[in-house]
Amino acid sequence: MAKVTRDDVARLAGTSTAVVSYVINNGPRPVAPATRERVLAAIKELGYRPDRVAQAMASRRTDLIGLIIPDARQPFFGEMAHAVEQAASERGKMVLVGNTDYIGEREVHYLRAFLGMRVSGLILVSHALNDLAAAEIDAWDARVVLLHERPEAIDDVAVVTDDLGGAQLAVRHLLEHGYEYVACMGGTAETPAVGDPVSDHVEGWKRAMAEAGLPTEGRLFEAPYNRYDAYRVALDVLSGPNRPPAVFCSTDDQAIGLLRAARELRIDVPGQLGVAGFDDIKEAALADPPLTTVASDRSAMARAAVDLVLDDGLRIAGSRRERLKTFPSRLVLRTSCGCTG
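Note that this is a predicted model, so its numbers are computed, not measured.

### Focus: the environment of H148
By secondary structure assignment, the location of H148 is in the loop between β4 (144–147) and β5 (158–161). Spatially, the C-alpha atom of H148 lies 9.4 Å from that of D163, the residues being 15 residues apart in sequence. Not counting residues within four places of it along the chain, the set of residues in contact with H148 comprises F76, F77, V125, V159, V160, D163 and P197.

Written out as structure tokens, the structure is:
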């Protein structure tokens, strides 16, 4: 049986091969709805399957978007990756995902691999982009959008949350419940001081405490972002002589680890300890007790990142601030802070 070609589809649909290409590739030119339907019907009737390899060789671009994240095992990054995949699918693209495990060399590995595959664009969630990775991006003149984090090493377009403002909302709310002060579970010594959401969460905590006239010295605890290591840190903090009355955690995963430690130590939450997190991962609503947290619209952020990385207007001019697309944060009230269901 002869292989079905694009010419065959065009002949059956009564149109040109160029129009068939526009339908298959969703552009670059618009196609009238009636014509699109005829082309799609012809594709279905003939069983036509586009040769994606040939298309990629001709255009020097694939239908792939590269997504590099720190660790998909952490619920926040898993949910973000899923949102990017959905947004890319709406644009007719597929997503390749690479996990760096917070290792700079692995980030460079995925950058080289994905850019070598001629991805249509790259969405980068980088914990601390090093100079080698930044040089790799410049060498390929890659279409890159930063998502969630904005490392200082590169100045590409970024899509982020109002992390600082969101942290202030959470800490102010805990103080409004009458807790004497709020401690903070921040990041680790390796957490970048600039461009990292956790650093902004810590800064938001400091500002909210300062607004209330409260000191922060000795009330910031270092902890990894995941619940397992945060749980071990929380056991030490909560069993010590100076147990805080309330804790703002820089991630929901940390907060879930802290809640587990409080439960083991028979500390009542929120009666003896108020807790708030940041991210509003799905598990936050099922925590014990349900976790008060700060949310952002991850679906909208993912869609914005995909649109930016695929659209011709990616490389916008202007200052660093003008190249930043910031989505608002909102407080999600549950019972861990002292609110009633």
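### Focus on the pairing of strand β3 (residues 121–124)
Burial along β3 is two-sided: G121 and I123 facing one way and L122 and L124 facing the other are all buried. Bridging between β3 and β4 involves 3 bridges; their strand directions are parallel. Bridge pairing links L122 to V144 in β4.

### Some points on the confidence of the model for the protein chain
Here the protein chain shows a mean pLDDT of 88. Residues at 70 or above account for 89%. With pLDDT under 50 throughout, residues 315–321 is counted as low confidence; its partners more than four residues away or in other chains account for 16 contacts.

### With respect to the sheet that holds β4
On the basis of which strands lie adjacent, the open sheet formed by 6 strands has the order β2-β1-β3-β4-β5-β11 and parallel pairing. Among the strands making up the open sheet, the edge pair consists of β2 (94–99) and β11 (324–327). Across the sheet, the axes of successive neighbouring strands diverge by a mean angle of 20°, strand direction being ignored.

### Focus on the packing of helix α1 (residues 6–13) against helix α2 (residues 17–25)
Relative to each other, α1 and α2 sit at 100°, their axes nearing to 8 Å. On the basis of the axis angle, α1 is roughly perpendicular to α2. Judged by residue contacts, R6, D7, V9 and A10 of α1 engage T17, V20, S21 and I24 from α2. A per-class count over the contact of α1 with α2 returns 4 nonpolar, 2 polar and 2 charged.

### Comments concerning α2
Every buried residue of α2 is listed here: V19, V20, S21, Y22, V23 and I24. At the exit of α2 stands N26, carrying a positive phi of roughly 55°.

### Comments concerning the packing of helix α8 (residues 163–176) against helix α9 (residues 197–211)
At a minimum axis separation of 7 Å, α8 and α9 run at an interaxial angle of 40°. Taken together, the axes of α8 and α9 are oblique relative to one another. Here α8 and α9 pass one another in a crossing that is right-handed. Residues D163, L164, A167, Q168, V171, R172 and L175 of α8 lie in contact with α9, whose contacting residues are P197, D200, H201, E203, G204, W205, R207, A208, M209 and E211.

### Quick word on the pattern of salt bridges
This model, assessed by the stated rule, comprises 16 salt bridges. Residue E264 pairs with R260 through a salt bridge whose shortest N-O separation is 2.9 Å. Linking E264 with R260, this pair stays in helix α11 (residues 252–264), spanning 4 residues, or about one helical turn. With relative accessibility at 39%, the residue E264 sits in the partly exposed group. Each of D71, R73, D101 and R106 takes part in one network of salt bridges that share partners.

### Section: unusual backbone geometry
Here the bond from V269 into P270 is cis, since omega is 15°, no more than 30 degrees from zero. Looking at the element boundaries, P270 is found in the loop between α11 and β9 (274–276). In the segment running from D288 into P289, the intervening peptide bond is cis, with an omega of 0°. Examined against the element boundaries, P289 turns out to sit in the loop between β9 and β10 (293–295).

### Here's the deal with the nonpolar core
Core analysis: the largest hydrophobic core is formed by 68 residues, its most contacted members being I123, L147, V182, F248, L258 and L273. Built from parts of two domains, this core gets at least three residues from each of domain 2 (64–161 + 298–327) and domain 3 (163–296). Counting residues in each nonpolar core, the second largest holds 18 residues, with L64, I68, A142 and V144 among its members.

### So, the pairing of β4
Residues V144 and L146 point to one face of β4 and V145 and L147 to the other, with burial holding for every one of them. Here β4 pairs with β5 via 2 bridges, running parallel. The residue of β5 that forms the bridge with L146 is A158.

Reading guide: rules and limits
- Residues numbered from 1 in each chain as written.
- Predicted model: local features only at pLDDT ≥ 70, side-chain atom pairs only at ≥ 80, totals over all residues.
- Heavy atoms only, no water.
- Helix = DSSP H or I, 4+ residues; strand = E, 2+ residues; numbered from the N terminus.
- Contact = heavy atoms within 4.5 Å.
- Buried < 20%, exposed > 50% of the residue type's maximum accessible area, 1.4 Å probe, protein only.
- Pairing = 2+ DSSP bridges.
- pLDDT = per-residue confidence, 0-100.
- Axes fitted to C-alpha atoms, helices over the stretch in contact; angles between N-to-C directions.
- Parallel < 35°, antiparallel > 145°, perpendicular 65-115°, else oblique.
- Nonpolar A, V, L, I, M, F, W, Y, C, P; charged D, E, K, R; others polar.
- Left-handed = near helix turned anticlockwise from the far one by under 90°.
- Salt bridge = Lys/Arg side-chain N within 4 Å of Asp/Glu carboxyl O.
- Core = buried A, V, L, I, M, F, W, Y, C linked by side-chain atoms within 4.5 Å.
- Domains from an automatic or database assignment.

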